[in-house]
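# Survey of secondary and tertiary structure
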Amino acid sequence: MSARRVAQVPPLRWVLGLRSFWKQHRLPPALPLLIVIVFLVCAVFAGLIAPHPQNQGELSKRLLPPTGMAKADSSYLLGTDGQGRDILSRLIYGARMALLISIVSIALTAALGTFIGLLAGLFGGKLDMVVMRLVDVSMSIPAILIAVLLAAVFGASVQNVIIIVIILIWPAYARLVRGETLSVKQADYVALARVAGCSRLTIMRRHILPNVLPTVLVLMSLHVALVIVMEAGLSFLGFGIPPKYATWGSMIQQGYQQLQTSWWVAVFPCIVIVLTVISFNILGDWVRDRLDPKLRQV
Amino acid sequence: MSGALDQAAAGRSGTPAAPGAGAPLLEVKDLRMHIFVRRGEVKAVDGVNFSVRRGESLGIVGESGSGKSMTLLSVMQVLPQPGGRIVGGQILFEGEDLLRKTARQMRDIRGNRIAMITQDTLASLNPALTIGVQLREPLEVHLGMRGKAANERALELLRHVQLSDPARQIRSYPHEMSGGMRQRVVGAIAIGCKPSLLLADEPTTALDVTVQAQYLRLLREIQKETDLGMIFVTHDFGIVAKVCDHVAVMYAGRIVETAATRELFDRPLHPYSSALMDCLPQRNLDARLRTIPGHPPDLAQLPPGCGFADRCSRVHERCRTEAPSLAEVAPGHKVACWDVEGAA
Amino acid sequence: MGRQLAAAFGRVVVTLFVASLVVFLLLHASGDPARLLVPWTATPERVAEIRSSLGLDRPLYVQYGKFVSHAIRGDFGESLVFRRPAMEMVLSRFPATFEVIGVALGLALLFGIPLGVYSAHRRGSWFDKSARAFAAVGQGIPSFVMGIILIFIFALGLRVLPTSGRGGITHLILPALTLAIYVMVALLRLTRSSMIDVLGTEYIKLARLKGLRESRILWRHGFRNGAMPVVTFAGIMIVGMIGAGVVVEAVFAWPGVGGLIVSSVQARDFPVAMAGVLVITALYSVSAFVIDLLYGWLDPRIRRTQ
């Protein structure tokens, strides 16, 4: 496109300018970023945004179709489910649950996995061997089966979901941090610090941790999508979040039996999950490429 | 050398002509290969001319990135992908233009009538296949040899490159061999189908010096025995002096000077050639290694004039606006420089 | 080779040991294991009988020994709902699971690997771009959502395939396809990135310079090496596939082991769930064992080292 023609169309120039600004500063892809922001706002301000309560429905308003279809009620934009609950509001509260589970479980796992990886890398020897064996075993047991057993013994609960997530993803942190620690340990400045009489703890805190941190952050951002999928899957099977909370997985579970008569109950949460997960995946890749391109294999 | 090899040679090309006589085996005219990348068009080979006769060896020297390897790969039409494309010129091999061949016809020539030894020979062997499989492959594809015949021939080739215990080595994997041995295997693969032209792209850089000398001697012997035409790409003038009859000096995708080896060593005319010569340790006796100041130009943004102008000590006004072309200043000695009497 | 075999076998044993330990500990973590293993309506005599047969008054390690010796004989007790041996119920569901996993794996290998290889070969082309877009979207869709999307399109929209259950070949298509897409996307991505590395190597260049046909370069020279990282990841992929398989069986009401496990947990039928979990873990361990051997066969550097 020639410069002259661009000049003739001011809004287009504005858009192109914004685009080049975006590229120049290597900002994250705009559409996924927007979706994630909407997701975060919904999750944080669910109580303010949602037009209806998440769990109280009116049985007289069961299975109302979304606005725009015949017999729709305009106060239920995306329709209602089999118990007369507003789908939009439940989606918004579902975002809150998805975010909560992601933050809590990823933060816990990152802290735990990093700590274990640091210890293994720093002290080596037997401890290292045991940790690596544990990593192997954790990765070779299908997490869903543990989830099944936990649910069978204790019933579905939020804690179960978090435990499952931890079992599934801690090996990634432990392995990565261990490897990184081993390589940083070889670096001259760490050897110097040791010669200067710094204790192992000081070395760990002052030298190794800051080096490992970007890697851990990348891994955390890549794991958000994974955790959202896990939570939804477990809730879909009835092993995850108990039914008193609205979650995307349980919404789909309740809706897919009525796919033929009232498609909207299951289809909207499906769309929301797919959009959110793909957006988080793309942003995760972006964070990786910005902070730590060598992680491409993860 | 064995009788079978002689017969194969005779069957292919008739009576070998005396070195240097007759029409050139390979004649490259104004060859241009550009690589189209996001930031523009990299002129990796920018109008190159040279020719090689049977039994003759030509050395192409220059810094890394001057387009030497790309010239050889262009002759083979194995171009860097994505983006590499030949945009002009002629490659006449035994009188036929290779650029007019179909992909299939070209495949029948590659590894058969023209063979190439690649730069990083240690990485050139497939780690998942035995030496035998890799040796037999061109024999099967090009000569239709099968089973025992192919195996016999492969053993013969390994003996030919003086590899010890070929019967055992033929069943081993590349990781089980030393660097020098793998190097010999790559050589054996190259001469497997009795090519009439051998392209060698810095075949000795990955080897230590003693092995290097052995390998060069071997290549030279093979060349004499089979009346090969050979192109030897290197950045090492020492190797050129040992192996090559003629030299072409390459800079920024172009050949800037070409002459018989002796002549070029005695009388380098192009400022770049003499600068390269000065970098040789045995040549400058004041014990300090010299370097050429500056860097080669970006091949995607070549200046309009001579590519060497910015680094040249004998630069003129004209050098910056107009590129000199190769001109013969003495019999067999061509140079592309405005500063040379009688050139351009 | 012998040593490698032993190491691979050792991994199988360790995995099974840990899995049995997890199940055993969970059984005890609930308080009274006997309560989990008998119906709510069981008489006190029946509960006492189970207690003594499990040796619940003995030290824990003795109990674990008993648990393992029962498990090895395939004795996981009776289904609380159906009053049939739990193991028998799990085994009767096996053909269905094999069917869906086998077809899915076949489809995934048949399409995922060639697509990945070709995508790497034609890197940057429209084919590669669409394959990558397909992979990004496929990776972003959880398997149960994929199942629902396929049901929505083919069973409810076009009405060409049944929504659920097991019957003729038409019943198999949707569940197998759902699972296949999940595995195929992973295979495609892995194959592509590993083939891109391989195709940039010197030995591929030499293969070209030898005048070989492109297909031979791609498969014989390229894929032999490109397959190794794919095989390395196969273990993790099988774990994922088992998880996805459980979900897919639940979505399509497919009468396989995964579906059985899910429905028995929903009915709080612990013996059946336990038997199912351990059997699937065993199945997984065996396939991981096979993969270990396959890897050794593919990579001569491992094969020849003692």
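Since we're looking at a predicted model, the values are computed, not measured. What you see as residue numbers is a count from 1 along each chain, following the sequence as written. Throughout, the order in which chains and ligands are written sets their labels, letters from A for the former and numbers from 1 for the latter. Under the rules for a predicted model, residues below a pLDDT of 70 receive no local features and side-chain atom pairs below 80 are neither given nor counted, while totals for whole chains, interfaces and linings still include all residues.

Of the residues lining the interface, 43 residues belong to chain C; the matching set on chain A comes to 36 residues. For the purposes of this entry, the term helix denotes a DSSP run of H or I that reaches at least four residues, the term strand denotes a run of E that reaches at least two, and both are numbered from the N terminus. Listing elements by their share of the side of chain C that touches chain A, those giving two or more residues are helix H1 (2–29), helix H7 (126–140), helix H8 (143–157), helix H11 (214–251), helix H12 (257–266) and helix H13 (270–298) of chain C. When residues are grouped by polarity, Ala, Val, Leu, Ile, Met, Phe, Trp, Tyr, Cys and Pro land in nonpolar, Asp, Glu, Lys and Arg in charged, and all others, Gly among them, in polar. Taken together, the residues of the side of chain C that touches chain A sort by class into 34 nonpolar, eight polar and one charged. It is the C-beta atoms, placed from the backbone, that decide contacts: two residues are in contact if theirs lie within 7 Å.

What follows covers the sheet that holds strand E1 (residues 26–37) of chain B. Through backbone hydrogen bonds, the strands of a sheet pair up, either in parallel or in antiparallel fashion. All names here are of chain B. Taken together, four strands build an open sheet; the order of strands is E2-E1-E4-E5 and the sheet is antiparallel. Since the sheet does not close on itself, it has two edges, and those belong to strand E2 (40–52) and strand E5 (96–97), each with one partner. In this sheet, strand E4 (residues 84–93) lies alongside E1 in antiparallel orientation, the contact comprising eight bridges. Following the sheet pairing, Glu 27 is matched in E4 by Leu 92. Packed on one face of the sheet, helix H2 (residues 68–76) meets E1, E2 and E4 and runs near 75 degrees to E2. Pairing between strands is defined by DSSP: at least two bridges between the two strands are required. A fitted line through C-alpha atoms represents every axis, and for helices the fit uses only the stretch in contact; the resulting angles, taken between N-to-C directions, go from 0 to 180 degrees.

With that settled, consider the interface of chain C and chain B. At the interface, 19 residues of chain C touch 26 residues of chain B. The greatest single-element share of the side of chain C that touches chain B, amounting to six residues, is contributed by helix H10 (residues 202–209) of chain C. Class assignment of the residues belonging to the side of chain C that touches chain B gives a composition of five nonpolar, five polar and nine charged.

With that settled, the discussion passes to the confidence of the model for chain C. The predicted coordinates ought not to be read in detail in places where the model reports low pLDDT. Each residue carries a pLDDT value, the predictor's own confidence for that position, ranging from 0 to 100. Within chain C, residue pLDDT values average 83, and 96% of them lie at 70 or more. Within chain C, no element has a lower average pLDDT than helix H14 (residues 300–304) of chain C, which sits at 61, and none a higher one than H10(C), at 91.

Further remarks concern the sheet that holds strand E3 (residues 57–61) of chain B. Residues and elements named next belong to chain B. With mixed pairing, the eight strands of this open sheet are ordered in space as E6-E7-E8-E3-E9-E10-E12-E11. Each edge of the open sheet carries a strand with a single partner, namely strand E6 (114–117) and strand E11 (327–330). Each adjacent strand pair in this sheet contributes to an overall mean axis angle of 20 degrees, direction not counted. Of the strand pairs in this sheet, E6 and strand E7 (residues 197–201) are connected by four bridges, and their pairing is parallel. Paired with Ile 114 across the bridge in E7 is Leu 197. Taken strand by strand, H2 contacts E3, E6, E7, strand E8 (229–234) and strand E9 (246–251), and its axis lies near 145 degrees from that of E7. Across the sheet, helix H11 (residues 271–279) lies against E3, E9 and strand E10 (254–260), angled at about 105 degrees from E9, the strand it touches most.

Turning our eyes to something else, we now look at the nonpolar core. The term nonpolar core refers to a set of buried Ala, Val, Leu, Ile, Met, Phe, Trp, Tyr and Cys residues connected through C-beta atoms within 7 Å. A residue is called partly exposed when the number of other C-beta atoms within 10 Å of its own lies between 12 and 20, exposed at 12 or fewer, and buried at 20 or more, with C-beta atoms placed from the backbone. Formed by 271 residues in total, the largest nonpolar core has its most connected members in A:Val148, A:Leu149 and C:Val183. At 19 residues, the largest contribution of residues to this core is made by helix H10 (residues 200–237) of chain A. The residues touching A:Leu149, leaving out its near neighbours within four places in the chain, are C:Val23, C:Leu26, C:Ala273 and C:Val277.

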